[in-house]
Amino acid sequence: MSTYSRRLSPRRVEDGGLSVGPEPGPGRKSASVGISMPRLEKLDKKSRFNALQLPSSFLLAIVGFGAVCVLFVLAVVSLQQPAAVKRRTAAELETINRTVEAAEGPKVVDVELDELRGFLDSHLRRKRLSISIVAACHNRAHDMDVSLQTWLRVKNVDEIILVDWSSSNRASFLGSSRRSGELGKKLVLVRVEDQKEWVLTRAYNLAIKVASGSWILKVDCDTLVHPDFVDRHPIQKGAFYSLKFPRNSNEARLSGVLFAGRDDLLNVHGYDERLVRYGYEEKDLLRRLSLLDGRDLDPEYISHIPHSDPTGTTDVSSEVNKAVLESSKKWTEVVASDVDVPSSYKYTIEGDPKRAWWVSAEVQYTPHALEDVVGANNESALVVASKRVLHDKYSVPWDVVSNLSTENLFDLLLMVCSPILPGLSIRAAAATAERTEIID
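Please read these numbers as outputs of a predicted model, since none were measured by experiment.

A.B. asks: Just to check I follow, could you spell out the overall build of the chain for this structure?
C.D. replies: In terms of helices and strands, the chain carries 18 helices and 14 strands. Buried residues in the chain amount to 42% of all 440 residues. Once local pairs closer than 6 in sequence are excluded, the contacts in the chain between residues at least 24 apart make up 76%. Roughly 24,000 Å² of accessible area belongs to the chain as shown, and the carbon and sulfur atoms make up 56% of that amount.

See the structure below:
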């Protein structure tokens, strides 16, 4: 039998090239890629046709695979969300985020703040003369999922620092961050572990320290920002923007928004981390920034996601913080005299640096809460705060609140602030408390 009439074996890949021909035996060299024309001429018609068809089949396979890839990409693109802000329901978020908790890739542990900032600078190519949005949240993933979409559209913003302060639904924050497509790029997620209580002052100071921007736009997790916000509020050295005179309850909820120089915030040591109750921390920070050029923030360029809050208890908490601060050492003096203030952290970089990654922060030290430091004075501060709220907000006469015992004072406060009794007359409640006081 002629060697050219042997049955051809399937194509093989050898040394990066295609071989067509019989399997090589001992001492036999592999056939080269392609078959010479003289050899083809010696094949019968059917064998010659089969030999020439092999490369064509391979090309058809490649074309088919490419078509499948194109169809897959088109299907994925068609499922993307529209550019308009879309609010997801809590149920949808829970379903989407159920499987996104697992970390990917190795961890870089025990990183100091300077090392972390150096990593972020090199990995993200961060610029010092830039603008950073900073936000901190605790169990507000539903609001953050909506707000984040508006933050990403603000012009001239280079980075977003989002602090997740020990949320119970931590997977939601990671899931929303991943879906944005900017996690580990424009968006830096910092997850603080194992903190039982939400402390706004410490969370935002952490965000400001991690940020690289020369200017900081501090927002809440329910704050929606207009794309032209930065253009409407020109940057100028020694100036800052805040909402000084809210015109209605909607704008009052935006009083925490602040646009200021990062160095100016660090020079006054940011928020007073001894304040662990909610309220008055914003006013205290603005008071320490008062030597700068304070300007009015345009409320037309920010808004918030509507939700209900127990305003009465918030008012009392704010007044308590104010009363305690009035009798305590200033925050700037405390930081200057104590090397362990403010809070310190150890950082871990998790995830895949080539795809999506985030930062975990473990608390090493926090300053003592101011209400613990003042000790016995704390109750008197609460009494003073309660009287202020009853008089200033609910117009209860001073002669009434001044003569109430501490117990009846707190009872009255609970009555007027209670969401269960919205129709209760304030003056009727005060009169009831006063009669009770006289009987006692």
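A.B. asks: Any chance you could explain the pattern of salt bridges here in plain terms?
C.D. replies: Pairs can form between side chains of opposite charge whenever their charged atoms are close. On inspection of all chains with the given rule, the structure shows 14 salt bridges. As a salt-bridge pair, lysine 346 and glutamate 112 come within 2.5 Å of each other at their nearest N and O atoms. Placement of the pair is lysine 346 in strand 13 (residues 344–351) and glutamate 112 in the loop between strand 3 (108–111) and helix 4 (113–124), with a sequence separation of 234 residues. We classify lysine 346 as partly exposed; its relative accessible area is 25%. Across the pair lysine 155 and aspartate 228 runs a salt bridge whose closest N-O atoms are separated by 2.8 Å. With lysine 155 in the loop between helix 5 (141–151) and strand 5 (159–165) and aspartate 228 in the loop between strand 8 (223–225) and helix 8 (229–232), this residue pair connects regions lying 73 residues apart in the sequence. Owing to a relative accessible area of 43%, lysine 155 belongs among the partly exposed residues under this scheme. By relative accessible area, aspartate 228 is classed as partly exposed at 24%.

A.B. asks: What is the right way to read the confidence of the model for the chain from this model?
C.D. replies: Low-confidence regions, as indicated by low pLDDT, have predicted coordinates that should not be scrutinised in detail. The predicted model of the chain averages 74 in pLDDT, with 67% of residues at 70 or higher. Across residues 25–43, where pLDDT falls below 50, the model places 24 contacts with residues more than four positions away in sequence or in other chains. This model gives residues 419–440 a pLDDT under 50, and the stretch forms 24 contacts once residues within four places in sequence are excluded.

A.B. asks: Explain helix 7 (residues 200–210) here, please?
C.D. replies: The α-helix advances 3.6 residues per turn, and as a result positions three or four apart in sequence lie on the same side. For helix 7, the buried fraction is high: 10 of the 11 residues fall into the buried class. Listing the buried residues of helix 7 in full gives Leu200, Thr201, Arg202, Ala203, Tyr204, Asn205, Leu206, Ala207, Ile208 and Val210.

A.B. asks: Explanation requested: the packing of helix 5 against helix 6 (residues 170–179) in the structure shown.
C.D. replies: Packed helix pairs are characterised by how far apart their axes lie and by the angle those axes make with each other. Closest axis-to-axis distance for the helix 5/helix 6 pair is 10 Å, and the angle between their directions is 15 degrees. By the criterion of interaxial angle, the relationship of helix 5 to helix 6 is roughly parallel. As for how helix 5 packs across helix 6, the hand of that crossing is right-handed. On helix 6, the residues that touch Ala141, Met144, Asp145 and Leu148 of helix 5 are Ser172, Phe173, Ser176, Ser177 and Arg179. Considered class by class, the residues forming the contact of helix 5 with helix 6 number four nonpolar, three polar and two charged.

A.B. asks: When you look at the sheet that holds strand 9 (residues 239–242) in this model, what are you seeing that I'm missing?
C.D. replies: Picture the strands of a sheet paired through backbone hydrogen bonds; they go either parallel or antiparallel. Spatially, 3-13-14-6-5-4-7-10-9-11 is the arrangement adopted by the 10 strands of the open sheet, whose pairing is mixed. Of all strands in the sheet, those bounded by a partner on one side alone are strand 3 and strand 11 (293–296). Sheet twist, expressed as the mean angle between neighbouring strand axes with direction ignored, is 20 degrees. Bridge count for strand 4 (residues 131–137) against strand 7 (residues 215–218) is four bridges, and the pairing is parallel. Along strand 7, the bridge assignment pairs valine 134 with lysine 218.

A.B. asks: In this structure, what is going on with the environment of glutamine 236? I would like to understand it.
C.D. replies: Its location among the elements puts glutamine 236 in the loop between helix 8 and strand 9. Using a relative accessible area of 42% as the deciding quantity, one classes glutamine 236 as partly exposed. In the structure, glutamine 236 is positioned 57 residues away from aspartate 293 in sequence and 9.4 Å away in space, judged by C-alpha atoms. Once you skip the residues sitting within four places of it in the chain, glutamine 236 turns out to touch Trp215 and Arg295. A polar atom in the side chain of glutamine 236 sits 2.8 Å from the side chain of arginine 295.

Reading the values: rules and limits
Residues numbered from 1 in each chain as written. Predicted model: local features only at pLDDT ≥ 70, side-chain atom pairs only at ≥ 80, totals over all residues. Heavy atoms only, no water. Helix = DSSP H or I, 4+ residues; strand = E, 2+ residues; numbered from the N terminus. Buried < 20%, exposed > 50% of the residue type's maximum accessible area, 1.4 Å probe, protein only. Contact = heavy atoms within 4.5 Å. Areas by Shrake-Rupley, 256 points an atom, 1.4 Å probe, with all protein chains shown as cover. Salt bridge = Lys/Arg side-chain N within 4 Å of Asp/Glu carboxyl O. pLDDT = per-residue confidence, 0-100. Axes fitted to C-alpha atoms, helices over the stretch in contact; angles between N-to-C directions. Parallel < 35°, antiparallel > 145°, perpendicular 65-115°, else oblique. Left-handed = near helix turned anticlockwise from the far one by under 90°. Nonpolar A, V, L, I, M, F, W, Y, C, P; charged D, E, K, R; others polar. Pairing = 2+ DSSP bridges. Polar contact = N/O pair within 3.5 Å; in protein donor to acceptor, adjacent residues only side chain to side chain.

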